Amino acid sequence: EGRRQAPLLTIERETARYKAELDNLLIKQTGFHEIESGLPGLKKQIEDTTEEIERFTQQLAEKPALEVQIMEIREEKAHAIAENSHLKGQAEELKEQVLRLKEVTGAACPTCEKPLSPSEREKLLVELEERLQKMRDKYAENTIKIDASEKLVKEKETTIAELQRVQAALSLQQRSMDSSNAECDRNEKELSTWNAHGAIRLKELELILEKEDFAQEARVELTKIDSELKELGYDPDRCAAPPLRLV
């Protein structure tokens, strides 16, 4: 019986070694199963983030046009202000001409200073009043345009300010995308390596342990010893010592 202990110990040590390797791979397999089951969700997250990035990018694409519009509105406002200033000066001159024509009976033409007949004077007054009214209308139109432009500029500036928040959100989503893509690539590579090596080795170990296809020299030696013991009338299966405990 003492001769059997050495090959038995070798077999038990090899069994423990293979089982330890198998247990380690089974733990890894559980982790890779979790990674694999999480890939669809991760890819969906990447898809959703991509859509958000596209939406934010489209919104930010409006910013240059908004800035051009603000510049154009301000130019139109400046033109309207300048025109109103000019109109105000012209209107004051026309008012003076109208007053002079109305106050003096025998008035002269304010342009050529030739004497005017009553009918000519009346006709000129009508023309001057019409010109003055057109100036008033244009002045009022420009004033409305100036007020509207100020409101419009504020609205577009508010939109641009909101786009600053969109820019911040875009940067955040891009960082999230980079992180998710890196995680996805890493997981897929690790899964590919596992399937090509770890999973195959796990199957090999299961088969090796199932068929006890290891420590062949020790098994051959043990079989030889058992055969010799049987010839001597000793049955090792009936009288086998308890299994050795490995420290």
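Note: the structure precedes this text.
Residues numbered from 1 in each chain as written. Predicted model: local features only at pLDDT ≥ 70, side-chain atom pairs only at ≥ 80, totals over all residues. Heavy atoms only, no water.

Visitor: Looking at this structure, how should I read the packing of aromatic side chains?
Guide: Aromatic ring pairs are described here by two measures, namely the spacing of the ring centres and the angle between the planes. All chains considered together, the criterion is met by two aromatic pairs. Ring centres 5.2 Å apart and planes at 50° place the aromatic pair tyrosine 18 and phenylalanine 214 in the tilted group. In this pair, tyrosine 18 sits in helix α1 (residues 2-60) while phenylalanine 214 sits in the loop between α3 (118-211) and α4 (216-231), placing the two residues 196 residues apart along the sequence. A residue is classified by how much of its surface remains accessible, and phenylalanine 214, at 4% relative accessible area, is buried. Plain terms: the ring middles of phenylalanine 32 and tryptophan 194 are 5.1 Å apart, the flat faces sit at 20° to each other, and that makes the pair stacked. Taken together, the residues span a long stretch of sequence, with phenylalanine 32 in helix α1 and tryptophan 194 in helix α3 at a distance of 162 residues. Neither residue differs from the other here; phenylalanine 32 and tryptophan 194 are each classed as buried. (Phe/Tyr/Trp six-rings, centres within 6.5 Å; stacked < 30°, edge-to-face > 60°. Helix = DSSP H or I, 4+ residues; strand = E, 2+ residues; numbered from the N terminus. Buried < 20%, exposed > 50% of the residue type's maximum accessible area, 1.4 Å probe, protein only.)

Visitor: Can you walk me through the nonpolar core in this structure?
Guide: Soluble globular proteins: nonpolar side chains tend toward being buried together. Within the largest apolar cluster, 31 residues are counted, with the highest numbers of intra-cluster contacts made by Ile11, Tyr18 and Phe214. In terms of residue count, α3 provides more of this core than any other element does, 13 residues in total. In terms of nonpolar packing, the next biggest core, distinct from the first, is built from ten residues, Val98, Leu101, Leu125 and Leu132 among them. (Core = buried A, V, L, I, M, F, W, Y, C linked by side-chain atoms within 4.5 Å.)

Visitor: Where do I start with unusual backbone geometry in this structure?
Guide: As a rule of thumb, non-glycine residues mostly have phi less than zero, and peptide bonds are mostly trans rather than cis. Backbone geometry places glutamate 212, a non-glycine residue, at a positive phi of 50°. Its identity as a non-glycine residue notwithstanding, alanine 215 has a phi of 50°, on the positive side. Turning to its location among the elements, alanine 215 is positioned in the loop between α3 and α4.

Visitor: Just checking my understanding: could you explain α1 for this structure?
Guide: Between the first and last C-alpha of α1 there are 85 Å, a value that for 59 residues agrees with the 87 Å anticipated at 1.5 Å per step. Considering bend angle alone, the principal kink of α1 is centred on leucine 39 and spans about 35°; proline proline 40 follows within four residues of it. (Expected span 1.5 Å × (residues − 1). Bend = angle between axes of the 7 residues up to and from the residue.)

Visitor: I tried to follow the side chain of serine 180 on my own but got confused; where do I start?
Guide: Following the sequence through the fold, serine 180 ends up in helix α3. Apart from residues no more than four positions distant in its own chain, serine 180 is found in contact with Leu42, Gln45 and Ile46. (Contact = heavy atoms within 4.5 Å.)

Visitor: I keep staring at the pattern of salt bridges and nothing clicks. Help me out?
Guide: Between side chains of opposite charge, pairing is possible as soon as their charged atoms come close. Counting across every chain of the model gives twelve salt bridges. Among the ionic pairs, arginine 4 bridges to aspartate 226, the shortest N-O distance being 2.6 Å. Linking arginine 4 in helix α1 with aspartate 226 in helix α4, this pair joins segments that are 222 residues apart in sequence. Accessibility classification places arginine 4 together with aspartate 226 in one group, the buried group. The closest approach of N and O atoms between glutamate 21 and arginine 201, which form a salt bridge, is 2.8 Å. A residue pair is termed long-range when its members are at least 10 positions apart, and glutamate 21 in helix α1 and arginine 201 in helix α3 qualify at 180 residues. Salt bridges sharing common partners tie together Glu21, Arg201 and Glu204. (Salt bridge = Lys/Arg side-chain N within 4 Å of Asp/Glu carboxyl O.)

Purely spatial values, then, with no claim about function.
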